[in-house]
Amino acid sequence: MKILEYIKTNEEQSTKFFKFNIYRNMKLKRKQYILNGLITIIKKYDKYHHIKIKYIKFLNKTIIKNIENGEIRLLYILNIPIIKQSSISYYSKRITKKINKKYDDIYFIIGNSGEMYAFLTYFASTFIQRNRSKNPLIVGTQSYHSDIIKMIMPQIANINIKYSYFIKQNIFKIGKQRFFIIFNDYYLKDHIKKINTINKEMNYFKFMRNELNLNNEELIINKISISKEEEKNMLEKVNEIGLNIEKFIFIAPEAKSFKLTTNDFWKEIIKELESKEYDIFLNINDNTVTKNELSLNNKSKSCFLTFAQAFALAKRAKKIITLRSGFSEILMQTGTIMDVVYSERNLYNYHNLKNYTKLKEMGEINNYLVCEETTKEELKNIVKEICLIK
């Protein structure tokens, strides 16, 4: 019998001492049990009213309750209000201890790769100039954000910090530093409501521009640049897997904001292209899709590439075929002919999916090379069209 036993799955994490539950964390239910339930921690989030509540219970009786609405934090002990403070004041120490005081304006970017790309490419330079930032810092909030920042705005200092602060305001000051929260959770939820109820024809790019109070005439568009080192590293990696760099198709079947299409759909595309003697590169990083599931006769190639390396490789492809994702926006600047396959939206509830995510609304960079396909009742109906190489 083990003295200490650790159990970890995607849904639960626990620690046992001689079979006795010292700690149990039920991630999906947002509940933690300490000393076999003697102490219970429960977290609740009302996404429609933007309220976060945390309960700490002893023998199932609430001892501590913490309530936040993004503006005010209230702390109760035994149901007696003890603390009332602004959300900014509550989080200020946690924010500022990670930020060097030499930066005057700090730009936190919330969202996935698509929002990150759109802001940095089209809006960031104008927005930062308008704010008269003298020594700005861009803060990415997901692990890969730093890669994208370096591709588009390498001249601006950047760091990555996980953004877990529950603050409703988009702009606030802590000491002498100004903080700009670009498209926080409140923005995302509210803009979805507006699109669904006010303007179902709205495209997300236009919505972002309007929220930042910018117009097309004043936008300063940043183009992606890839370092020679990233280019060299990419060539070394694809050489190792034997990719025919002179005749290949770049396929990106992954997405976070859209549901994955069936593997059979991609297999049909791969089969058709391989019959035309094209080599296939599968840009796969997520465990939800694997090379083995999509490869036929083990001919297609795949390896891990950073955003910069994947971009550099896609520039050399004869064609890009991608599931609609945030990466689709980035690939627009490759200059390579691209087919974008639309699937069902995975996040939130958009009544007019095609208009909301239309790439052709985004400026003038290589738009004429973008061919947007949409899924039909049977995806196989568009396989032949997608596999046409001009």
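Above this note sits the structure.
Here is what the cut-offs are and how they apply
Residues numbered from 1 in each chain as written. Predicted model: local features only at pLDDT ≥ 70, side-chain atom pairs only at ≥ 80, totals over all residues. Heavy atoms only, no water. Helix = DSSP H or I, 4+ residues; strand = E, 2+ residues; numbered from the N terminus. Buried < 20%, exposed > 50% of the residue type's maximum accessible area, 1.4 Å probe, protein only. Contact = heavy atoms within 4.5 Å. Areas by Shrake-Rupley, 256 points an atom, 1.4 Å probe, with all protein chains shown as cover. Pairing = 2+ DSSP bridges. Axes fitted to C-alpha atoms, helices over the stretch in contact; angles between N-to-C directions. Salt bridge = Lys/Arg side-chain N within 4 Å of Asp/Glu carboxyl O. Polar contact = N/O pair within 3.5 Å; in protein donor to acceptor, adjacent residues only side chain to side chain. Patch = residues over 30% accessible without salt bridge, like charges linked within 9 Å, V, L, I, M, F, W, Y side chains within 5 Å. Lys, Arg positive; Asp, Glu negative; His and termini not counted. Charge placed at Lys NZ, Arg CZ, Asp CG, Glu CD. Parallel < 35°, antiparallel > 145°, perpendicular 65-115°, else oblique. Left-handed = near helix turned anticlockwise from the far one by under 90°. Nonpolar A, V, L, I, M, F, W, Y, C, P; charged D, E, K, R; others polar.

J.: With reference to specific residues and values, describe the overall build of the chain.
T.: On a plain count of helices and strands, the chain comes out with 12 helices and 19 strands. Taking all 390 residues of the chain together, 49% fall into the buried category. A separation threshold of at least 6 residues defines the contact pool for the chain, and within that pool the share at least 24 residues apart is 58%. In the structure as shown, the chain presents an accessible area of about 20,800 Å², 49% of it carried by carbon and sulfur atoms.

J.: Could you give an account of the sheet that holds strand β12 (residues 157-160), naming the residues involved and the relevant values?
T.: Spatial strand order, β12-β11-β10-β14-β13: five strands in an open sheet with mixed pairing. The sheet is open, and its two edges are formed by β12 and β13 (171-174), each paired on a single side. Across the sheet, the mean angle separating the axes of adjacent strands is 25 degrees when strand polarity is ignored. One ladder, built from four bridges, connects β13 with strand β14 (residues 177-182); its direction is antiparallel. Within β14, the position partnered with Ile171 by the bridge is Phe180. With respect to the sheet, helix α2 (residues 113-130) is in contact with β10 (105-109), β11 (137-140) and β14, its orientation differing from that of β10 by roughly 160 degrees. Sitting on the sheet, helix α3 (residues 145-152) is in contact with β10, β11 and β12, with an inclination near 165 degrees to β12.

J.: Just give me the short version of the sheet that holds strand β7 (residues 61-68), but keep the residues and values in it.
T.: Taking strand neighbours across the sheet as the criterion, the nine strands line up as β1-β2-β3-β4-β5-β6-β7-β8-β9 in an open arrangement whose pairing is antiparallel. Edge positions in the sheet fall to β1 (4-8) and β9 (80-86), since each has one partner strand and no second. For this sheet, the mean angle separating the axes of adjacent strands, direction not counted, is 10 degrees. With seven bridges joining them, strand β6 (residues 51-58) and β7 adopt antiparallel strand pairing. Of the residues in β7, the one forming a bridge with Lys52 is Glu68. Contacting β6, β7, β8 (72-77) and β9, helix α1 (residues 87-96) runs over the sheet at an angle of about 75 degrees to β9.

J.: Summarise the pattern of salt bridges; cite the residues concerned and give the values.
T.: Under the counting rule described, the total for this entry stands at six salt bridges. One salt bridge connects Arg24 with Glu12, and the closest N-O pair in it is separated by 2.7 Å. Separated by 12 residues along the polypeptide, Arg24 in strand β3 (residues 20-26) and Glu12 in strand β2 (residues 12-17) bring together distant segments of the chain. You can call Arg24 partly exposed: its relative accessible area is 28%. Of the residues examined, Glu12 reaches a relative accessible area of 25% and is grouped as partly exposed. Put simply, Lys319 and Asp339 hold a salt bridge, and the shortest N to O gap is 2.8 Å.

J.: Which residues make up the side chain of Asn66, and what are the values?
T.: Along the polypeptide, Asn66 turns up in strand β7. A distance of 3.4 Å separates a polar atom in the side chain of Asn66 from a polar atom in the side chain of Glu68. Of the polar contacts made by the side chain of Asn66, one reaches the side chain of Arg73; its length is 2.7 Å. Apart from the residues lying within four places of it in its own chain, the contact partners of Asn66 are Lys52, Ile53, Lys54, Arg73, Leu74 and Leu75.

J.: Give me a positive patch on the surface: which residues, what numbers.
T.: Positive charge collects at one region of the surface, where Arg30, Lys43, Lys54, Arg94, Lys97 and Lys98 lie side by side. With respect to the helices, strands and loops of the structure, Arg94 is situated in helix α1. A residue is classified by how much of its surface remains accessible, and Arg94, at 36% relative accessible area, is partly exposed.

J.: Talk me through the side chain of Asn25; I want residue IDs and the actual numbers.
T.: Turning to its location among the elements, Asn25 is positioned in strand β3. In this structure, Asn25 is in contact with Glu11, Glu12, Gln13, Lys31 and Gln32, ignoring residues within four places of it in sequence.

J.: Break down the packing of α2 against α3 for me, citing the residues and quoting the values.
T.: Between α2 and α3, the least distance of the axes is 10 Å, while the angle of their chain directions is 25 degrees. In terms of axis orientation, α2 runs roughly parallel to α3. As for how α2 packs across α3, the hand of that crossing is right-handed. Contacts between α2 and α3 pair Ser113, Met116, Tyr117, Leu120 and Thr121 from the former with His145, Ile148, Ile149 and Ile152 from the latter. Broken down by class, the residue content of the contact of α2 with α3 amounts to six nonpolar, three polar and no charged.

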